[in-house]
Amino acid sequence: MPLVPLSPIDHVFTGRGAYPIEFVFAYEEAIDAGRLEESLRKAIEAFPPVGSRFVRLDDSSLAFEPYEGGCVFSTASSPTGWDETERKDAFLDPVSGNEGEPLGRVLLTRTPEGCVLGVSLSHAVVDGYAYFYFLTSWARIFRGEPILPPSHDRAALAREAAEAAAAEGDTGGLFRAGPRPDVDRAHLRIDRRVLSRAELVAMHQEAQRDTPLRLSHNDTAAAWLWKTCLAEWAGEDPARETYVSCPVDFRRLLPAAGPAYFGNAVALAKASIPKGELAAAPLGDLATRVRRAVDAVDAEAARRSLAALARLRRAEGLGAMAECHVVHPEQGLLLTNLSRLPVPEVAFDAGQPVAFEILTPGVRGAVALPEPGGGIDLRLFLPAGAGSPA
């Protein structure tokens, strides 16, 4: 594969503070390491960016360059199993995301009761959808089954950006707030709150009573997190805005992307309310703000977002991308809906995963994961000292 220039949104996830997408999966049996690595190399033939590194094209552009050392595969053993290992990042070999370094790392760890597979991929290579598109395709290749061939036409998103207009100062739904800090994993805390189906339904019914709009369960969960977290995090000034951002997948909106597009295909929906109004705001009001923000991300909004990011990068170079935050660093929360993850399809010769964990180190990020009983399993990545929902 020749050099593939990054798309406008890919460039956001480069440089300092650009967190990778990371999961670990536990299995009750061992996976054959030789077969796993062999199938990984075959999968990379279909998904070359996974086995690539960044190469600089000019002061404002990077490209993916496939190379022999791309996507490091390694093995390890652990004296403790999944349940006994408190920090699940022990099962992970994280990518750095630096120029010249691999953008994918896979670690297979043998444990007393089975094994754990950890996969770390640069966020410039994948969004959440693309991450699992690759993993499930890799598993199918391992099993000798056909896959849906991916599209790598990142230039299509650049063309969409070139055909759209962006206002001066527009940052495509992101926050321009100075250089992103490096992620300090040692001081990043993951808080968990499971909303059972009964709790979620009751909460949703409460929110729905206050609005004529049809709300989703994710709207309600976002509103609840907004109300419970940012009331504590967002400082004391009642006039300062608080924000909830939600990534919106635009594969269904832009034919240039489409369901087989492998890469980042997201635009950010952003809702806000002043801190002084947050505590008293009805859940339905907050959920309505989230729903309206999500609904506002149509095809034209997605194009404008791409255009704004491309314009900023051309005007100020790659350094400007490292000043773009997907979540407000002081008064914001990012909620990503991953409640329909195809985790059972990440099945090799050890069968389906029996447990999994997301380890993506996005500070002030939250992820909605599936809960077996039909509810939502919320994971919050909190900076040191930040509170958690009551």
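Cut-off values and rules
Residues numbered from 1 in each chain as written. Predicted model: local features only at pLDDT ≥ 70, side-chain atom pairs only at ≥ 80, totals over all residues. Heavy atoms only, no water. Helix = DSSP H or I, 4+ residues; strand = E, 2+ residues; numbered from the N terminus. Rg over C-alpha atoms; globule rule 2.2 N^0.38 Å. Buried < 20%, exposed > 50% of the residue type's maximum accessible area, 1.4 Å probe, protein only. Contact = heavy atoms within 4.5 Å. Areas by Shrake-Rupley, 256 points an atom, 1.4 Å probe, with all protein chains shown as cover. Lys, Arg positive; Asp, Glu negative; His and termini not counted. Charge placed at Lys NZ, Arg CZ, Asp CG, Glu CD. Core = buried A, V, L, I, M, F, W, Y, C linked by side-chain atoms within 4.5 Å. Expected span 1.5 Å × (residues − 1). Polar contact = N/O pair within 3.5 Å; in protein donor to acceptor, adjacent residues only side chain to side chain. Pairing = 2+ DSSP bridges. Axes fitted to C-alpha atoms, helices over the stretch in contact; angles between N-to-C directions.

### Quick look at the overall build of the chain
- Check the secondary structure of the chain and you find nine helices and 16 strands.
- The C-alpha atoms of the chain give 21 Å as radius of gyration, which agrees with the globular expectation for 390 residues (21 Å, within 12%).
- Reported as C-alpha extents along the three principal axes, the dimensions of the chain are approximately 60 × 50 × 35 Å.
- Taken across its 390 residues, the chain has 56% of its residues classed as buried.
- For the chain, restricting intrachain contacts to residue pairs at least 6 apart in sequence, the fraction spanning at least 24 positions comes to 78%.
- Entry remark: accessible area of the chain is about 16,100 Å², with carbon and sulfur atoms responsible for 50%.
- Taking the average place of the 40 positive charges on the side chains of the chain and the average place of its 52 negative ones, the gap between the two points comes to 3 Å.

### Topic: the nonpolar core
- Ranked by size, the top nonpolar core spans 119 residues in total, and within it Phe-23, Phe-25, Tyr-131, Phe-134, Trp-138, Phe-250 and Phe-348 carry the most contacts.
- A total of nine residues in this core trace back to one element, the largest contributor, which is helix H2 (residues 128–142).
- When sequence neighbours within four positions are dropped, the list of residues in contact with Phe-348 reads Tyr-27, Ile-31, Leu-36, Leu-117, Trp-138, Ala-139 and Phe-142.
- Membership of the second largest hydrophobic core comes to seven residues, among which are Ala-26, Trp-82, Phe-91 and Leu-92.

### Focus on the environment of Leu-135
- Relative to the helices and strands, Leu-135 resides in helix H2.
- Between the C-alpha atom of Leu-135 and that of Glu-160, which follows or precedes it by 25 residues, the distance is 28 Å.
- Once residues within four sequence positions are removed from consideration, Leu-135 is found in contact with Phe-25, Val-119 and Val-346.

### Description of H2
- With 15 residues, H2 ought to run about 21 Å at 1.5 Å a step, and its terminal C-alpha atoms sit 21 Å apart, in line with that.
- All of the buried residues in H2 are Ala-130, Tyr-131, Phe-132, Tyr-133, Phe-134, Leu-135, Thr-136, Ser-137, Trp-138, Ala-139 and Phe-142.
- Against the buried residues of H2 lie strand E2 (21–27), helix H1 (33–46), strand E6 (104–111) and strand E7 (114–121).
- A side-chain oxygen of the first residue of H2 lies 3.3 Å from the backbone nitrogen of Tyr-129; this N-cap is Asp-127.

### Some details on the sheet that holds strand E16 (residues 376–382)
- If you trace the six strands from one edge of the open sheet to the other, you get E9-E16-E15-E13-E10-E11, paired in mixed fashion. Among the strands making up the open sheet, the edge pair consists of strand E9 (189–195) and strand E11 (266–274). Averaged over all pairs of adjacent strands, the angle between strand axes in this sheet comes to 20 degrees, irrespective of strand direction.
- Two strands pair when backbone bridges link them, and strand E10 (residues 241–249) and E11 are joined in this way by nine bridges, in the antiparallel orientation. Paired with Pro-247 across the bridge in E11 is Leu-268.
- Contacting E10 and E11, helix H7 (residues 283–295) crosses the sheet at an angle of about 150 degrees to E11.

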